[in-house]
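Reading the structure
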Amino acid sequence: MNISNHNDALLAGHTRRLDFLKSEVNLPAGILQKLKDFQIAIPSWALGTGGTRFGRFSGGGEPRNLEEKIADVGLLHALNQSSGAISLHIPWDIPTDPAAIRTLAAQLGLAFDAVNSNTFQDQADQAHSYKFGSLQHVSAATRKQAIDHNIEVIKQGVSLGSKALTVWLSDGSCFPGQLNFRHAYERTVDSLREIYAALPADWSLYLEYKAYEPNFYSTTVGDWGVSYSMVNKLGPQAKTLVDLGHHLPNANIEQIVSILLMEGKLGGFHFNDSKYGDDDLTAGSIKPYQLFLIFNELVDGMDAKGMNHAKDLGWMIDASHNVKDPLEDLLQSVEAIQIAYAQALLVDRKALEAAREANDVVRCQEILQAVFRTDVRALVAQARLELGGALDPIALFRQAKMREQLIKSRGAKTVATGL
Ligand code: RM4
Ligand code: MN
Ligand code: MN
């Protein structure tokens, strides 16, 4: 792959588009640096073809082990210079030789983002089943097994240099009457306290919520209110994680984000998009305006607290690819996130606040929509260019026949671990 040849061929058109943007919009000082600093972690479980419970249609050349997953993220990062971290799901990916894995990642410019525990599936060698929950389970032995697993995941993360544990629980119930809601809540908090106690001082615990699935009557950590009340009980290192696909239809996610940030309890993000539920589609593919509005609140809320946009929250993608090439899909997601971030940085916050204070509702909408309708792709591309990435990552991925090469070296029928 020759990035500079690719860029040279596209440079004239790129410069024209960037100049036009600069002539139309006042770019705030430092915006390019902010875009360059902003890195989005890639989930190790999203590098292969995803499936539904009805089927899975493999695409070929999928990574067969952790080393190959890291190589794939390295490829993404080389192309866009914005995917400089990988988030592992354990036990789907267990680093057997952490030092070697760390070196491999470092060679590709990658860090290890949050590690994710898995108590929503039974593993072949485990003593107690999670069929009726894990941290909420009626049996203390099952809860202990799930707690121990989380503590083990923290240890794995420490050996890789991760700084956060993400806990997503499928715990809940499928039928009315099945669960004592209060007991389930209390048991979950007690279990989380034990995990929290094992957290290194410079780590965070992100507690993710989800409205439904795989349980279809109740989820014990079902919404941001429950997660927020739990992380408040745990302590300052515990925060809520927002996965965009985990809300009931039409939830106002930007408002949730704003309040969590204000309360100092927003920890991180799982980006994706959805039409119906936890669809795990490409970020920005269905509701790009919502993504922009979320970033608008993120930038506003982080600036109000003097936070570092790039470092003070955990930015991750959580997606699944049923019909697209996973790597192309991830390139699309990263770009969509950067576009929304860049647009949020362009909002004239003083003018917006003045319009709000004057109850000028029309003006408020004009300010936001004018930015949302501004094509900032050249700005995002310029950030990539300055970092040594490709002006058009997907085009280069295709021109260089990267998938074909992966199929050649790994085979047409490989299957990556994950969902
Ligand atoms: C869940 C949730 C978690 C992810 C699993 C695979 O719905 O989004 O973050 O780890 O899926
Ligand atoms: Mn998630
Ligand atoms: Mn999910």
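Right above here is the structure, for reference.
Residues numbered from 1 in each chain as written. Chains lettered and ligands numbered in written order. Predicted model: local features only at pLDDT ≥ 70, side-chain atom pairs only at ≥ 80, totals over all residues. Heavy atoms only, no water.

Description of the site of ligand 1
Here is the rule: Note on definitions. A residue lies near a molecule or strand when any single heavy atom of the residue is within 4 Å of it. Counting of polar contacts relies on pairs of N or O atoms within 3.5 Å, with two restrictions inside protein: one atom must be capable of donating a hydrogen and the other of accepting it, and residues adjacent in sequence are counted only when both atoms are side-chain atoms. Only the protein chains shown count as covering a residue, and every accessible area follows the Shrake-Rupley method with a 1.4 Å probe. Residues were grouped as follows: Ala, Val, Leu, Ile, Met, Phe, Trp, Tyr, Cys and Pro as nonpolar; Asp, Glu, Lys and Arg as charged; and all remaining residues, including Gly, as polar.
What surrounds ligand 1 is a group of 11 residues, the closest being His-89, Glu-208, His-246, Asp-278 and Asp-318. A distance of 2.7 Å is found between an oxygen atom of ligand 1 and a side-chain nitrogen or oxygen belonging to Glu-208. A distance of 2.9 Å separates an oxygen atom of ligand 1 from a polar side-chain atom of Asp-278. For ligand 1, whose accessible area on its own is 290 Å², the fraction buried by protein is 97%. The class makeup of the residues in the shell around ligand 1 is 3 nonpolar, 3 polar and 5 charged.

Observations regarding the sheet that holds strand β12 (residues 238-243)
For clarity, the cut-off: Only when DSSP finds a minimum of two bridges between them are two strands counted as paired. Secondary structure elements follow DSSP: runs of H or I no shorter than four residues count as helices, runs of E no shorter than two count as strands, and numbering proceeds from the N terminus. When checking whether two residues touch, look at their non-hydrogen atoms; a contact exists if any pair is within 4.5 Å. Only C-alpha atoms enter the line fits that serve as axes; for helices the fit covers just the stretch in contact. Angles between N-to-C directions range over 0 to 180 degrees.
Pairing within the open sheet is parallel, and its 7 strands lie in the order β5-β7-β8-β10-β12-β13-β14. At either end of the open sheet lies a strand with only one pairing partner, and these are β5 (89-90) and β14 (314-317). Direction of pairing for strand β8 (residues 164-167) relative to strand β10 (residues 204-208): parallel, over a ladder of 4 bridges. Across the sheet, the residue bridging to Ala-164 is Ser-204, located in β10. Sheet contacts for helix α5 (residues 140-160): β5, β7 (115-117) and β8; angle to β7, the most-contacted strand, approximately 165°.

Comments concerning the coordination of the manganese ion (ligand 3)
Applicable threshold: Each metal site is built from N, O and S donor atoms within 2.8 Å (3.2 Å for Na, K and Ca), and since water is not included, such sites may look incomplete. Accessibility here uses a 1.4 Å probe with only protein chains present; expressed as a share of the type maximum, an area under 20% marks a residue as buried, one over 50% as exposed, and anything in between as partly exposed.
Only His-246 (NE2), Asp-278 (OD) and Asp-278 (OD) from the protein coordinate the manganese ion (ligand 3), and they sit 2.2 to 2.7 Å from it. Taking relative accessible area as the criterion, His-246 reaches 4% and is therefore assigned buried.

Examining the coordination of the manganese ion (ligand 2)
When four donors bind a metal tetrahedrally, each ideal donor-metal-donor angle is 109.5 degrees, and when six bind octahedrally, the ideal angles are 90 or 180 degrees. Threshold: Each label reflects the angles at the metal, where four donors whose angles all fall between 85 and 135 degrees are tetrahedral, four or six donors whose opposite pairs open beyond 155 degrees and whose other angles stay between 65 and 115 are square planar or octahedral respectively, and the rest are irregular.
Bound to the manganese ion (ligand 2) are the protein donor atoms Glu-208 (OE), Asp-243 (OD), His-270 (ND1) and Asp-318 (OD), situated 2.1 to 2.2 Å from the metal. Of note is the manganese ion (ligand 2), whose 6 donor atoms meet at the metal with angles of 72 to 166° in an arrangement that counts as octahedral. Between consecutive donors of the manganese ion (ligand 2), the numbers of intervening residues give the motif E-x34-D-x26-H-x47-D. Between the two metal centres, the manganese ion (ligand 2) and the manganese ion (ligand 3), the spacing is 3.9 Å. Remark: Asp-318 occurs in the loop between β14 and α10 (326-346) and His-270 occurs in strand β13 (residues 266-271); sequence separation between them is 48 residues. With a relative accessible area of 9%, Asp-318 lands in the buried category.

Re the layout of surface pockets
Selection criterion: The definitions used throughout rest on a 1 Å grid laid over the protein atoms alone, on which a cavity is an enclosed set of points accommodating a 1.4 Å probe that cannot get out and a pocket is an open set flanked by protein within 12 Å on both sides along at least five of seven lines; lining residues are those having an atom within 4 Å of a point. Grid points are joined across faces, edges and corners, and a volume is the space filled by probe spheres set on the points.
By volume, the second largest pocket amounts to about 700 Å³. Every residue lining the second largest pocket is counted, 32 residues in all, and those nearest its centre are Asp-113, Ala-310, Lys-311, Asp-312 and Leu-313. Within the residue set of the lining of the second largest pocket, elements represented by two or more residues are α2 (31-37), β6 (111-112), β10 and β14. For the lining of the second largest pocket, the per-class residue count stands at 14 nonpolar, 9 polar and 9 charged.

Focus: the packing of aromatic side chains
Condition: Under the pairing criterion, centres of Phe, Tyr and Trp rings, with the six-membered ring standing for Trp, must be within 6.5 Å; the plane angle then separates stacked pairs below 30 degrees from edge-to-face pairs above 60, leaving the rest tilted.
In the structure shown here, the tally under the stated rule is 17 aromatic pairs. Judged by centre distance (5.8 Å) and plane angle (75°), the ring pair of Trp-92 and Phe-120 falls under edge-to-face. Here the residue Trp-92 occupies a position in the loop between β5 and α4 (98-107), and Phe-120 occupies one in the loop between β7 and α5, the gap between them amounting to 28 residues. With respect to burial, Trp-92 and Phe-120 carry one shared label: buried.

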